[in-house]
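# An overview of the molecular structure
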Amino acid sequence: MFRSGPCRAGGPANDRRQVLSLDNAPGAAVAPLDPASVEAAINGRHSVRAFLPKPVPRELLTQLLQLASRAPSGTNTQPWKVYVLQGDSRDQLVAKVCAAHDEMRADPQLAAQYREPYDYYPEQWVSPYIDRRRENGWGLYGLLGIGKGDREAMHLQQQRNFRLFDAPVGLMFTVDRVMGRGSLLDYGGFLQNLMVAARAHGLDTCPQAAWNAFHSIVLPHVGAGEGEMLVCGMALGYADPAAAVNRFETPREPVESFTRWLD
């Protein structure tokens, strides 16, 4: 199920082999990547919440996943497993989870049936993290004109996650439960590689932990094995440039606020 198509001549796999062979040559120097292009892809990545219906070629998706797989992992375990949903499979999963999301709103007690497989967020929020979370939430809702207490609008906006923000491609990422916490750290590198590579090819993404609560629906739908755990989902496609929501970008703390220099 987790097959990769062949890379085109001169593609990433061939380039990688060339770099490795140059690295192994005594005294050989490898030309550095263009830092401007690398930085542009990193800085250009942000969570997009409105996509065009334009399809993404399977060949390009394969290339992006191949690039993502260059992420480091402890002892090269490569713990990632990816399910790519397009067409009917995508639409059917969207319908199932949106229905469950509506049912849970009508009967909040159903929330007990939809527990996340691992603690993505802390049980108790503290400053400064709760402050950033609130800033993020109200900044997005403010842009969309959703006021405090407008539960209907909040519900519909949250459900946009489960509609993949209209992206034509949905990705579900799993890991075998036998793996340790370090595999989630490895996964972060894989996901970042995928998102940055997508941006470099003119695509956009939105990583989504929102799907985790509905893993009991997602995993059977994609045919995941009994021992697999849902890590997160992701919407991928071409951003809708006319959508106001795509103007929303989150701020970042300055380096001085999270770095301590030791001489």
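Reading the values: the criteria
- Residues numbered from 1 in each chain as written.
- Predicted model: local features only at pLDDT ≥ 70, side-chain atom pairs only at ≥ 80, totals over all residues.
- Heavy atoms only, no water.
- UniProt positions renumbered as here; feature names shortened; annotations may be inferred.
- Pairing = 2+ DSSP bridges.
- Helix = DSSP H or I, 4+ residues; strand = E, 2+ residues; numbered from the N terminus.
- Axes fitted to C-alpha atoms, helices over the stretch in contact; angles between N-to-C directions.
- Contact = heavy atoms within 4.5 Å.
- Salt bridge = Lys/Arg side-chain N within 4 Å of Asp/Glu carboxyl O.
- Buried < 20%, exposed > 50% of the residue type's maximum accessible area, 1.4 Å probe, protein only.
- Expected span 1.5 Å × (residues − 1).

With an unreviewed UniProt entry as reference, the protein chain is termed Nitrobenzoate reductase, source organism Malikia spinosa. In UniProt, the protein chain has this text filed under Sequence similarities (unreviewed entry): "Belongs to the nitroreductase family." According to the UniProt record, the Cofactor (unreviewed entry) comment for the protein chain reads "FMN".

A separate point is the sheet that holds strand β1 (residues 81-85). As summarised here, the arrangement of the four strands in space is β1-β2-β4-β3, forming an open sheet in which the pairing is antiparallel. Of all strands in the sheet, those bounded by a partner on one side alone are β1 and β3 (204-208). When the angles between neighbouring strand axes are averaged without regard to direction, this sheet yields 25 degrees. Here strand β2 (residues 169-176) pairs with strand β4 (residues 228-237) via eight bridges, running antiparallel. Bridge pairing in β4 places M172 opposite G233. Along the sheet, helix α7 (residues 182-200) makes contact with β1, β2, β3 and β4, crossing β4 at roughly 10 degrees.

Enumeration over the complete set of coordinates arrives at seven salt bridges. With its nearest N and O atoms 2.8 Å apart, the salt bridge here joins D91 to R90. Among the residues examined, R90 registers a relative accessible area of 12% and is labelled buried. E152 is the salt-bridge partner of R105, the closest N and O atoms lying 2.4 Å from each other. Here R105, found in helix α4 (residues 87-106), pairs with E152, found in helix α6 (residues 151-162); they are 47 residues apart in sequence, far enough to count as distant. Here E152 falls in the partly exposed class, since its relative accessible area comes to 38%. In the salt-bridge network here, residues are joined through shared partners; they are K81, D176 and E228.

A few words on helix α5 (residues 129-144). A rise of 1.5 Å per residue sets the reference length of α5, with its 16 residues, at 22 Å; its end C-alpha atoms lie 23 Å apart and thus fit the reference within 8%. Residue G145 follows α5 closely and has a positive phi angle near 75 degrees.

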